[in-house]
Amino acid sequence: MLRILRDRFRARVQVSLTRAGLSLPWWGALCASAVSFVFTTVALIQRDALLPPGPIALAGLLVIAPSVIWVVTDWIMPWVRMAALIAATSILLIEPVLPDFAPLLLLVAATEAASVLRTTWGITVVTVVAELVLVVAGIWGGLIGGPVYMVAILLGLSGGLMVRWYTRVLDAERDNRDASREKALLAERQRIAREVHDVVGHSLSITLLHLTGARHALQQDRDVDEAIEALTEAEQVGRAAMADIRRTVGLLADTPSGSAPLPGVEDIVTLVERTRSAGLDVRYTQEGDLDRVGASEGLGLYRIVQESLVNVVKHAPGANAEVRLNAGRSDVRLIVSNTLSGTVRRPAEDGSGLAGMAVRAAQLGADLSAGPQGRQWIVQVTVPGAKP
């Protein structure tokens with residue numbers, strides 16, 4: 001029960017500090033109030049026989065009132081509290097004692113001013129007024145040790161400024177950490193969006209080719225067996241796509257949704273064969289040792305081939321395509337080309353086509369070029385630094 005009450009009180013204090021725009025820990029405000037209460041209590045005891053009850057009660061009320069208002073109304077008033085501390089000290093210094101705890105309230109006021117006030121002139125005003133109170137008390141009230149108390153106020157001012165500086169540094173660090181976290185989350189969402197785009201785009205393109213073949217087989221040739229074969233291939237492609245999408249989207253969860261690995265460079269041949277079986281005339285040639293290609297490079301090259309073949313299906317139906325992969329000792333080169341018919345034009349961009357391939361190439365540190373060359377559209381990727 002006590003722990004629950006403590007947690008609620010801590011949360012309430014922190015909320016009120018945040019609402020007031022004060023970047024201070026909850027215990028900092030409580031410690032400042034507790035210290036001022038202790039100094040006030042000692043100063044009042046020292047003057048029990050020197051001051052009438054009225055001034056003593058007024059000084060105590062001035063110190064306690066801001067904290068009481070804070071607890072009751074959840075409203076923090078830094079200026080009011082500092083003015084109350086200075087006023088209470090002025091009343092108590094009507095009758096100085098030795099040693100005197102009353103001037104220490106001015107130290108608390110200067111420290112709090114340097115910590116929480118937002119303007120330089122506000123901090124200056126509090127410090128100057130506190131010092132003037134000591135000067136007046138020393139000249140007309142007979143306060144002993146005034147210079148020592150004046151130096152103590154300056155030390156409190158320095159401590160408050162240090163607290164302000166550390167608080168700003170912590171706030172800046174927290175903001176940078178939040179910004180880095182948001183940036184990392186955005187990058188992860190973009191990466192997964194590219195993965196889903198590649199999977200869905202390729203799978204739908206291949207599925208549509210199979211469905212087109214099935215429709216032609218039924219409409220023109222009345223070949224039910226060929227139509228069934230095309231529909232079966234479309235179903236298999238769809239199921240494979242669903243599994244790939246689940247695996248990719250599962251990266252968003254805290255735990256992986258499956259143990260199946262993501263595709264790599266060795267899966268490009270299967271990708272080409274699946275696309276060829278769907279009706280696109282595409283050839284695949286491979287040279288070199290695929291063991292030289294790392295997992296991340298293999299996934300990137302796979303996705304670039306996948307997106308390139310989707311673009312062929314979308315923008316150059318009926319074209320002949322070729323995929324060439326050369327895993328050399330110093331680099332890995334990938335070329336995807338297809339014939340063009342009619343007017344040569346750049347494929348329409350939707351923000352995830354050529355741009356997505358460019359992002360993947362940049363992540364691999366690879367050079368990518370895509371565009372028409374003669375009567376062909378050629379996508380060429382060079383990944384440096386193959387594994388020995």
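Worth saying up front: this structure is predicted, and the values here are computed from it rather than measured. (Residues numbered from 1 in each chain as written. Predicted model: local features only at pLDDT ≥ 70, side-chain atom pairs only at ≥ 80, totals over all residues. Heavy atoms only, no water.)

### Regarding the packing of helix 4 (residues 78-92) against helix 5 (residues 104-116)
Thought 1: Direction vectors running N to C along helix 4 and helix 5 enclose 165 degrees, while the axes themselves pass 9 Å from each other. The angle between helix 4 and helix 5 places the two elements in the roughly antiparallel class. The crossing of helix 4 and helix 5 is left-handed. On helix 5, the residues touching Pro78, Arg81, Met82, Leu85, Ile86, Thr89 and Leu92 of helix 4 are Leu105, Leu106, Val108, Ala109, Glu112, Ala113 and Val116.
Thought 2: Its residues assigned to classes, the contact of helix 4 with helix 5 comprises 11 nonpolar, one polar and two charged. (Axes fitted to C-alpha atoms, helices over the stretch in contact; angles between N-to-C directions. Helix = DSSP H or I, 4+ residues; strand = E, 2+ residues; numbered from the N terminus. Parallel < 35°, antiparallel > 145°, perpendicular 65-115°, else oblique. Left-handed = near helix turned anticlockwise from the far one by under 90°. Contact = heavy atoms within 4.5 Å. Nonpolar A, V, L, I, M, F, W, Y, C, P; charged D, E, K, R; others polar.)

### Some points on helix 11 (residues 354-364)
Thought 1: Along helix 11, the positions that sit buried rather than exposed are Leu354, Gly356, Met357, Arg360, Ala361 and Leu364. Buried positions in helix 11, seen along its axis, are confined to an arc of 160 degrees and lie on one side of it. Facing away from the buried side of helix 11 by more than 90 degrees, the exposed set consists of Ala362 and Gln363.
Thought 2: Immediately downstream of helix 11, the backbone of glycine 365 shows phi near 70 degrees, a positive value. (Buried < 20%, exposed > 50% of the residue type's maximum accessible area, 1.4 Å probe, protein only. Arc of directions from axis to C-beta.)

### Considerations on the UniProt feature "transmembrane region" (unreviewed entry) in the protein
Thought 1: UniProt's entry tags residues 26-45, 57-77, 83-109, 121-142 and 148-167 with the feature "transmembrane region" (unreviewed entry), counted in the numbering of this structure.
Thought 2: Secondary structure content for residues 83-109 is 59% helix and 0% strand, and the end C-alpha separation is 8 Å.
Thought 3: In the segment residues 148-167, helix accounts for 100% and strand for 0%; the C-alpha atoms at its two ends are 29 Å apart. (UniProt positions renumbered as here; feature names shortened; annotations may be inferred.)

### Some thoughts on the pattern of salt bridges
Thought 1: This model, assessed by the stated rule, comprises five salt bridges.
Thought 2: Here arginine 324 makes a salt bridge to glutamate 322, at a shortest N to O gap of 3.9 Å.
Thought 3: Look at the salt bridges and you will find they share partners, linking Arg283, Glu322 and Arg324 into a network. (Salt bridge = Lys/Arg side-chain N within 4 Å of Asp/Glu carboxyl O.)

### Re helix 6 (residues 120-140)
Thought 1: End to end, helix 6 covers 30 Å across 21 residues, agreeing with the expected 30 Å (1.5 Å per residue, within 8%).
Thought 2: Of the positions making up helix 6, those classed as buried are Gly122, Ile123, Val126, Thr127, Ala130, Glu131, Val133, Leu134 and Ala137. Each buried residue of helix 6 sits inside an arc of 165 degrees when the element is viewed along its axis, so together they form one side. Facing away from the buried surface of helix 6 by more than 90 degrees, the exposed residues are Thr120, Trp121, Ile139 and Trp140.
Thought 3: Glycine 142, located one to two residues past helix 6, shows a positive phi value of around 80 degrees. (Expected span 1.5 Å × (residues − 1).)

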